[in-house]
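# Results of the structural survey
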There are 2 protein chains.
Amino acid sequence: MKALGQHVLVEFYGCPEEVMKDNHLIEKVMNEAAKASGATIVGSHFHTFNPYGVSGVIVIAESHFTVHTWPEYGYAAIDIFTCGETIDNLLAFDYMKRHLKPQNTSTIEMKRGQLQNMFNKNPQGQAKVTSVPS
Amino acid sequence: MKALGQHVLVEFYGCPEEVMKDNHLIEKVMNEAAKASGATIVGSHFHTFNPYGVSGVIVIAESHFTVHTWPEYGYAAIDIFTCGETIDNLLAFDYMKRHLKPQNTSTIEMKRGQLQNMFNKNPQGQAKVTSVPS
């Protein structure tokens, strides 16, 4: 079934607490993972919680990456949502796994925007080819 | 099964093209939907594509909202990821549906960070109670 987007829901369990508490590292890893996949970053927002934990979103030309960490559980919830054929999600996943060091991982891959459900199946002109600053 | 987060994956099919092309409206609807659910917005980033389409992420104290639109298909992919017991996802969904006017919708609700999978099941101190500027 053809779809507009690919969405990988990633669970990282058993990450070292010192890694999960390093907010700067988390932000760096997410950005580098996005680049490793071939994505084009167009904006991001990372938020640090008190006493620890981070929520981060990266908007890419091809959709988004997000992360939420619970250092007290050694857990990170990561989403990789991409469209088009140019992104290699596995490269992003491998980069994250290498740097966030989970003892266990779970992934679910979903298709978003399945074409057979579209009301307009043959649109004229395709958007999201080029991007402009918002 | 207890989990740290609730994730609702929403598909809006058959939205009016003029609604999907109105980037300011999309951003306003997403922000208002987040507020309607009881979420606390801590940051956001919206990106407008050429010739049309928007990708937007809102970081909330309780995780995130995201949206990606394909006006040429009348389609929007929306994610509502929340933690804690204070957010009413249905209020956000209803608000979005009322303003983005899909002819058909699909939702999948998932639990993220299932507690039985945690390596540290009884952490001392819970994060994400209060937030500080990043």
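Residues numbered from 1 in each chain as written. Chains lettered and ligands numbered in written order. Predicted model: local features only at pLDDT ≥ 70, side-chain atom pairs only at ≥ 80, totals over all residues. Heavy atoms only, no water.

On to the UniProt feature "active site" (unreviewed entry) in chain A, then. Under the present numbering, the feature "active site" (unreviewed entry) in UniProt falls on S63, H68 and C83 of chain A. Along the polypeptide, S63 of chain A turns up in strand β4 (residues 63–70). Those residues within four positions of S63 of chain A in sequence are excluded, and the remaining contacts are I58, F81, T82 and C83 of chain A together with S55, H68 and W70 of chain B. Residue position: C83 of chain A is located in strand β5 (residues 75–83). The buried category is assigned to C83 of chain A, whose relative accessible area is 11%. Those residues in contact with C83 of chain A that sit more than four places away from it in its chain are L4, G5, E62 and S63 of chain A together with W70 of chain B. (UniProt positions renumbered as here; feature names shortened; annotations may be inferred. Helix = DSSP H or I, 4+ residues; strand = E, 2+ residues; numbered from the N terminus. Contact = heavy atoms within 4.5 Å. Buried < 20%, exposed > 50% of the residue type's maximum accessible area, 1.4 Å probe, protein only.)

Glancing now at helix α2 (residues 23–37) of chain B. Given 3.6 residues per helical turn, the α-helix brings residues three or four places apart onto the same face. Residues and elements named next belong to chain B. Over its 15 residues, α2 extends 21 Å from the first C-alpha to the last, a length consistent with the 21 Å expected when each residue adds 1.5 Å. Among the residues of α2, those classed as buried are N23, I26, V29, M30, N31, A33, A34 and S37. Each element contacted by the buried residues of α2 is listed here: α1 (17–20), β2 (41–50), β3 (54–60), β4 (63–70), β5 (75–83) and α3 (89–100). Positioned one or two residues after α2, G38 has a phi angle of 100°, which is positive. (Expected span 1.5 Å × (residues − 1).)

Attention shifts here to the confidence of the model for chain A. Detail in the predicted coordinates should be disregarded across regions flagged by low pLDDT. Residue and element names in this part refer to chain A. Mean pLDDT over chain A works out to 90, with 90% of the residues at or above the 70 mark. Within the model, the stretch residues 126–134 combines pLDDT values under 50 with 30 contacts to residues more than four positions away or in other chains. Confidence estimates for the predicted assembly give a pTM of 0.90 and an ipTM of 0.89. (pLDDT = per-residue confidence, 0-100.)

Residue and element names in this part refer to chain A. Packing of helix α2 (residues 23–36) against helix α3 (residues 89–100) leaves a shortest axis separation of 8 Å and a crossing angle of 155°. Classified by the interaxial angle, the pair formed by α2 and α3 is roughly antiparallel. Between α2 and α3 lies a crossing of right-handed hand. Contacts between α2 and α3 involve L25, I26, V29, M30, E32, A33 and A36 on the former and, on the latter, L91, A92, Y95, M96, H99 and L100. (Axes fitted to C-alpha atoms, helices over the stretch in contact; angles between N-to-C directions. Parallel < 35°, antiparallel > 145°, perpendicular 65-115°, else oblique. Left-handed = near helix turned anticlockwise from the far one by under 90°.)

A word on the relation of the copies chain A and chain B. For the pair of chain copies, the relating operation is a rotation around an axis with a shift along it. Each copy superposes on the other: chain A lies on chain B with an RMSD of 0.0 Å after a rotation of 180° and an axial shift of 0.0 Å. Read as a symmetry element, the transformation amounts to a two-fold axis. Taken together, the interface assignments show that 100% of the residues at the interface of chain A recur at the interface of chain B, consistent with an identical surface on both copies. (Least-squares fit on C-alpha atoms with pLDDT ≥ 70 in both.)

On to the pairing of β4 of chain B. Residues and elements named next belong to chain B. Burial of β4 is extensive: eight of the eight residues sit out of reach of the surface. As paired strands, β3 and β4 are joined by six bridges and run antiparallel to one another. When the sheet's bridge partners are listed, G56 is paired in β4 with V67. In terms of strand pairing, β4 meets β5 through eight bridges, oriented antiparallel. Across the sheet, residue S63 finds its bridge partner in β5, namely T82. The turn linking β4 back onto β5 is made up of four residues, and G74 within it adopts a positive phi angle of 65°. (Pairing = 2+ DSSP bridges.)

For the rest of this paragraph, the subject is the side chain of S37 of chain B. Residue and element names in this part refer to chain B. As for its position among the elements, S37 is in helix α2. Taking the relative accessible area as the measure of exposure, S37 reaches 3% and is therefore buried. A polar contact of 2.6 Å, which involves the side chain of S37, links it to the backbone oxygen of A34. Leave out the neighbours within four places in its chain, and S37 touches F65, T86, I87, D88, L91 and A92. (Polar contact = N/O pair within 3.5 Å; in protein donor to acceptor, adjacent residues only side chain to side chain.)

Moving on: the state of the cysteines. Evaluation of the coordinates by the stated rule reveals zero disulfides over all chains. In this model C15 of chain A remains outside any disulfide bridge; the closest cysteine sulfur is found in C83 of chain B, 17 Å from its own. (Disulfide = S-S within 2.5 Å.)

So, on to the interface of chain A and chain B. Listed per partner, the contact involves 63 residues of chain A and 63 residues of chain B. When chain A packs against chain B, close to 5400 Å² is buried across both sides, 63% of that on carbon and sulfur atoms. In this assembly, chain A and chain B are joined by four salt bridges. Between E11 of chain A and R112 of chain B there is a salt bridge, and its shortest N-O distance comes to 2.5 Å. If you look at where chain A meets chain B, you find 20 residue pairs in polar contact (both at pLDDT 80 or more). Where the side of chain A that touches chain B is concerned, the elements lending two or more residues are β1 (3–13), β2 (41–50), β3 (54–60), β4, β5, β6 (104–114) and β7 (130–131) of chain A. Considering every element that reaches the side of chain A that touches chain B, the biggest residue donor is β2 of chain A, with nine residues. Class assignment for the residues of the side of chain A that touches chain B results in 31 nonpolar, 26 polar and six charged. (Buried area = accessible area lost by both parts, 1.4 Å probe. Salt bridge = Lys/Arg side-chain N within 4 Å of Asp/Glu carboxyl O. Nonpolar A, V, L, I, M, F, W, Y, C, P; charged D, E, K, R; others polar.)

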